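Reading the structure
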Amino acid sequence: MNEKLYEMMDWARIEGLVYSEEDNPHDLLGAHVTKEGVLIQTFMPTAVRVEVLDKRRNETYLMEQEDEVGFFAALLPDKTIPVYQLRVTFDDGSVKVITDPYRFEPQIPVKVLQQWEAGVCQDIWRWLGAHRISVDGTEGIHFAVWAPDAMRVSLVGDFNLWDGRRLPMKRHPQYGVFELFIPGLKEGSLYKYEIKARNGLTFLKADPFSFRNEMRPGTASIVTDGVSFDWDDEEWMENRAAAESTRSPLIACQIHLSAFPKPDDGREFYNYRELAPMIAGYVKDTGYTHVQLMPVMEYLHDECRGYQTLGFYAPTSRYGTGADLAWMINYLHKNGIGVILEWAPAHFASDVSGLCGFDGTCLFEHQDPRQGINPKLGTRIFNYGRNQVRNFLISNAIYWCRCYHADALMLDRVSAMLYLDYDRGDGGWVANMYGGNENLEAVDFLRALSRDLHAACPGAVLIASENSAWPKVTGKASDDCLGFDYKWNSGFNSDVLSYMQLDPLFRGGSHGELVFSMVYHYSENFMLTLTSSDTDASSGPLYSQMPGRAENKLANIRALLGYIILHPGKKLLLKDIEHADEKPWEITPGEEMVQRPQMSAFLKDLISLYNSSPALWIDDYYVSGFEWINSISANENILVFLRKTDDPDETLLAVCNFSALTYENYRIGVPFRGTYKEIFNSDDVRYGGSGAVNARAKTSRAQECDMRPDMIEITVPPLGISVFRCKRSQNQTAAPKKNKNRTAGKRKNTVPDQTAEKISVREQIERKIATEERPL
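**Observations concerning the overall build of the protein chain**
If you tally the helices and strands in the protein chain, you get 18 helices and 34 strands. Dimensions along the principal axes, computed over C-alpha positions, put the protein chain at roughly 115 × 60 × 50 Å. Residue pairs at least 24 apart in sequence account for 71% of intrachain contacts in the protein chain once pairs closer than 6 positions are excluded. Accessible area for the protein chain stands at about 31,600 Å²; split by element, carbon and sulfur atoms hold 49% of it. Side-chain charges of the protein chain comprise 83 positive and 105 negative groups, with the mean position of each set lying 6 Å from the other.

**Details of the environment of Ser633**
Structurally, Ser633 is set in strand β27 (residues 626-633). You can call Ser633 buried: its relative accessible area is 8%. It is 8.3 Å that separates the C-alpha atoms of Ser633 and His511, two residues lying 122 residues apart in sequence. At 2.6 Å, the side chain of Ser633 forms a polar contact with the side chain of Asn630.

**As for a nonpolar patch on the surface**
On the surface, Met433, Tyr434 and Leu440 cluster together into a nonpolar patch covering about 390 Å² of accessible area. Taking the relative accessible area as the measure of exposure, Tyr434 reaches 66% and is therefore exposed.

**Let's talk about the sheet that holds strand β9 (residues 129-135)**
Read from one edge to the other, the open sheet built from four strands follows the order β9-β10-β13-β12, with strand pairing classed as antiparallel. Each edge of the sheet is formed by a strand with only one pairing partner; in this case those strands are β9 and β12 (170-172). For this sheet, the mean angle separating the axes of adjacent strands, direction not counted, is 30°. The sheet contact formed by strand β10 (residues 138-146) and strand β13 (residues 177-183) spans seven bridges and is antiparallel.

**Let's talk about the packing of helix α11 (residues 490-500) against helix α15 (residues 550-566)**
In the contact formed by α11 and α15, the axes pass within 11 Å of each other and the chain directions differ by 155°. Here α11 lies roughly antiparallel to α15, going by the angle between them. With respect to the hand of their crossing, α11 and α15 are arranged in right-handed fashion. Contacts between α11 and α15 involve Phe492, Val496, Leu497 and Met500 from the former and Asn556, Leu560, Tyr563 and Ile564 from the latter. Of the residues belonging to the contact of α11 with α15, the class tally is seven nonpolar, one polar and no charged.

**Points about the pairing of β13**
Within β13, seven of the seven residues are buried, which leaves the element mostly enclosed by the surrounding structure. Residues Val177, Glu179, Phe181 and Pro183 point to one face of β13 and Phe178, Leu180 and Ile182 to the other, with burial holding for every one of them. Two strands pair when backbone bridges link them, and β12 and β13 are joined in this way by three bridges, in the antiparallel orientation. Residue pairing in the sheet places Lys170 in a bridge with Glu179 of β13. Between β12 and β13, which follow one another and run antiparallel, lie four residues, and Gly176 among them has a positive phi close to 70°.

**With respect to unusual backbone geometry**
With the exception of glycine, most residues fall at negative phi, and the peptide bonds are largely trans. With an omega of 10°, the peptide bond running from Arg216 to Pro217 counts as cis. Here Pro217 lies in the loop between β15 (202-205) and β16 (221-222). Unlike most non-glycine residues, Arg413 shows phi in positive territory, near 55°. Mapped onto the elements of the fold, Arg413 is located in the loop between β22 (408-411) and α9 (414-418). Given a relative accessible area of 18%, Arg413 falls into the buried group. If you check the backbone angles, Asp706 has positive phi at about 55° while not being a glycine. Considering the arrangement of structural elements, one finds Asp706 in the loop between β32 (698-699) and β33 (710-716). Exposure remark for Asp706: the relative accessible area of 4% places this residue in the buried category.

**Some details on the sheet that holds strand β26 (residues 570-574)**
Strand order in the closed barrel made by the eight strands is β17-β18-β21-β22-β23-β24-β25-β26, with parallel pairing throughout. The average undirected angle you get between the axes of adjacent strands in this sheet is 25°. Bridging between strand β25 (residues 526-530) and β26 involves four bridges; their strand directions are parallel. When the sheet's bridge partners are listed, Met527 is paired in β26 with Lys570. Running over the sheet, helix α10 (residues 440-456) touches β21 (338-343), β22 and β23 (461-464) and is turned about 155° from β23.

**Some thoughts on the nonpolar core**
Core analysis: the largest hydrophobic core is formed by 175 residues, its most contacted members being Phe143, Ile279, Phe364, Phe382, Phe392, Leu409 and Leu446. Tallying contributions element by element places helix α8 (residues 387-403) first for this core, with ten residues. Residue contacts for Phe143: discarding those within four places in its chain leaves Gly129, Ala130, Leu155, Met169, Phe178, Glu179, Leu180, Ile182, Leu185, Tyr191, Tyr193 and Val223. Leu642, Leu653, Tyr676 and Ile712 belong to the second-largest nonpolar core, a separate cluster that totals 17 residues.

**Considerations on the state of the cysteines**
Under the counting rule described, the total for this entry stands at zero disulfides. Here Cys121 is not cross-linked by a disulfide; its sulfur's nearest cysteine counterpart is in Cys403, at 13 Å.

**A closer look at the confidence of the model for the protein chain**
On average, residues of the protein chain score 90 in pLDDT, and 92% of them are at 70 or above. Residue range residues 738-762 is modelled with pLDDT below 50. Its contacts to residues more than four positions away, or to other chains, number 29 contacts. Here residues 772-776 is modelled with pLDDT under 50, and outside its nearest four sequence neighbours on either side it reaches 16 contacts, counting other chains as well.

**Some remarks on the packing of aromatic side chains**
Enumeration over the complete set of coordinates arrives at 45 aromatic pairs. Consider the rings of Phe364 and Phe392, whose centres lie 5.3 Å apart with planes at 65°: the pair is edge-to-face. Of this pair, Phe364 sits in the loop between β21 and α7 (369-372) while Phe392 sits in helix α8; the two residues are 28 residues apart in sequence, bridging distant segments of the chain. The pair Phe364 / Phe392 is uniform in exposure class, with both members buried. The positively charged end of Arg318 is found above the aromatic ring belonging to Tyr299, 3.7 Å away from the centroid. When the ring centre of Tyr543 is taken as reference, the NZ or CZ atom of Lys553 above it lies at 5.4 Å.

**Re the pattern of salt bridges**
Pairing is possible between side chains that carry opposite charge, provided their charged atoms lie close to one another. Applying the stated rule across the entire model yields 40 salt bridges. Glu194 is the salt-bridge partner of Arg152, the closest N and O atoms lying 3.0 Å from each other. Here Glu194 lies in strand β14 (residues 190-197) and Arg152 lies in strand β11 (residues 150-157), a separation of 42 residues in the sequence. Here the two residues Arg152 and Glu194 agree in accessibility, since each one is buried. When salt bridges with common partners are traced through the structure, they connect Arg216, Glu268, Glu298, Asp302 and Arg318 into a single cluster.

About the criteria used
Residues numbered from 1 in each chain as written. Predicted model: local features only at pLDDT ≥ 70, side-chain atom pairs only at ≥ 80, totals over all residues. Heavy atoms only, no water. Helix = DSSP H or I, 4+ residues; strand = E, 2+ residues; numbered from the N terminus. Contact = heavy atoms within 4.5 Å. Areas by Shrake-Rupley, 256 points an atom, 1.4 Å probe, with all protein chains shown as cover. Lys, Arg positive; Asp, Glu negative; His and termini not counted. Charge placed at Lys NZ, Arg CZ, Asp CG, Glu CD. Buried < 20%, exposed > 50% of the residue type's maximum accessible area, 1.4 Å probe, protein only. Polar contact = N/O pair within 3.5 Å; in protein donor to acceptor, adjacent residues only side chain to side chain. Patch = residues over 30% accessible without salt bridge, like charges linked within 9 Å, V, L, I, M, F, W, Y side chains within 5 Å. Salt bridge = Lys/Arg side-chain N within 4 Å of Asp/Glu carboxyl O. Pairing = 2+ DSSP bridges. Axes fitted to C-alpha atoms, helices over the stretch in contact; angles between N-to-C directions. Parallel < 35°, antiparallel > 145°, perpendicular 65-115°, else oblique. Left-handed = near helix turned anticlockwise from the far one by under 90°. Nonpolar A, V, L, I, M, F, W, Y, C, P; charged D, E, K, R; others polar. Core = buried A, V, L, I, M, F, W, Y, C linked by side-chain atoms within 4.5 Å. Disulfide = S-S within 2.5 Å. pLDDT = per-residue confidence, 0-100. Phe/Tyr/Trp six-rings, centres within 6.5 Å; stacked < 30°, edge-to-face > 60°. Lys NZ or Arg CZ within 6 Å of the ring centre and 35° of its normal.

Right, dumping it as structure tokens:
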């Protein structure tokens, strides 16, 4: 043994390396200039011989084994560090030539680490995780992970026998980030981080910033360099950035990617590329403007349907790679279909391979279980007050919109984020600094998310699934709102479904549930929904929720869908909701969804009416876009209202009958003299109805009805809706079109002062009750 070399060994550091406790291996391993020459050290368990290949001098130096566990060292007669490689002979006889990873300096700029610590690095995914880079002309993969309370972090994978002793990572003490550059490593390699906690416990964790994960039940990350795809949807993206979504048609179809029949070749799932034309074909044929994909971020258990995320930056490998998903979204954009991704930042999976207890402490979640664990789902709740956690999530949102061209993100369980006592009983939650139940840190996070996402991704939209009465959910964060573009109207959903589940004979007493939504409609930008949560195990399929025999059940579904489409607000419907005999995501191989061509034709025509009628979407959130004609006929279960634009010729008259009776010669007040032609009737025989339609156009008569000077008489279909196109008489002077400032009539995220209007409505109701007679 070379005594000089032996004396140069730092045996305390070597022992720390052998026992996997070294967090700054670059100070020990690799090449270092000394007074005696260049000292090269390496730790190679299972190696029996290691040689240094000096590329500059074309010489070979045999390294001495200083420790029997596998620590080797060599002293080269140089004053500068040469370009070298290591030729390693292992105990199984194999020989490998490797480039020493410890000869390379750290690669993450200090500025990026400072931004990460402050929580303002919007593209942190470009630095943390696994990335293919070139350092001094050497190609390889750079790994970085945040684990501030770990004693030591090592890179393990199928390239180093999953041995945590071989590739310890360098710590940045001030920022808690570990990094290591591995020369020559190829994409497709499996890897994890082996973390040794301060209590001595050692465990494996998947990469929080991994772009690809193993197919379940595996949980390893896979080396891949982000989204490698050549997009050609520039026209779509430019139009999206220039469009005003609130004044455009938006009717989305919620789809789980398992909703299509299984492949007949024995595979469990189709690929994203195979699904793309299936989705586009269905969506275009039905007429939807957007598709809303239930979570495609990696998840472990099929039962959660993606809502308990394991890999926030990795598309689920069930359907292919990130490039495959990008291809699918690009395909949908080229077919004129927008893409909404459901995103779950309210919680994450408790699986031991994920974010839970990541570095041996509650790193991403709260330490107090009253704040960090969802007692109902058993999932973990993010600590929104921690800068790096906020950065992780905001960067993730930008990542999906920028790298995958997602047009919108729908945030699940926003109410659970906003309230500290959500899903918790007495004593099970911790109040905020003011003693309230509001999660102030989550509020700040959501506002920061809105500001950063809208600035980074022009035209991208945020949608909240929020079922509480939290005020000002939609609107700009700078106006003291949460910053969402749309909010699900869970109140409308609950009220209308509750009403529709009643037998028509008993609906009169619940008539207020139909009309209450318009009392608060202008307080938010609401989206009306019928989704998977409305047909889950607790509720049952929509078909089974409707009263009556089969024909009445279907008529009720048609009336329900018609009212949703005609009501102000953007729309979201579950795929095949019009059939709804079963859960589409639970179709087993060889089975098909029960299809009814008449119901399909109904929904197609209804959506076509929506898309072709500006009155149904252009002024969704302006008081000028909607007007009641009759909202008080509770005993008859009838509603009559107008949908309007600035152009009177685009006015639509909607009549909704939720009773099982047909009303002949039913009088309705109309907005002006003219002809009223029925352009849609849900009771048409083409849709399976009884045929109670209005075949001829109706000419108004000068007779007072519904507080209006003119009226028409129509046939009102049972359990149905009728829509009339209004055409003003030529001999009637049309009111001039108003060249108004749209923002002047829009609500400012607060309920407007409508005291005078409420008095007027009360007077109208009293007068109608006292004077008007209705046909029985």
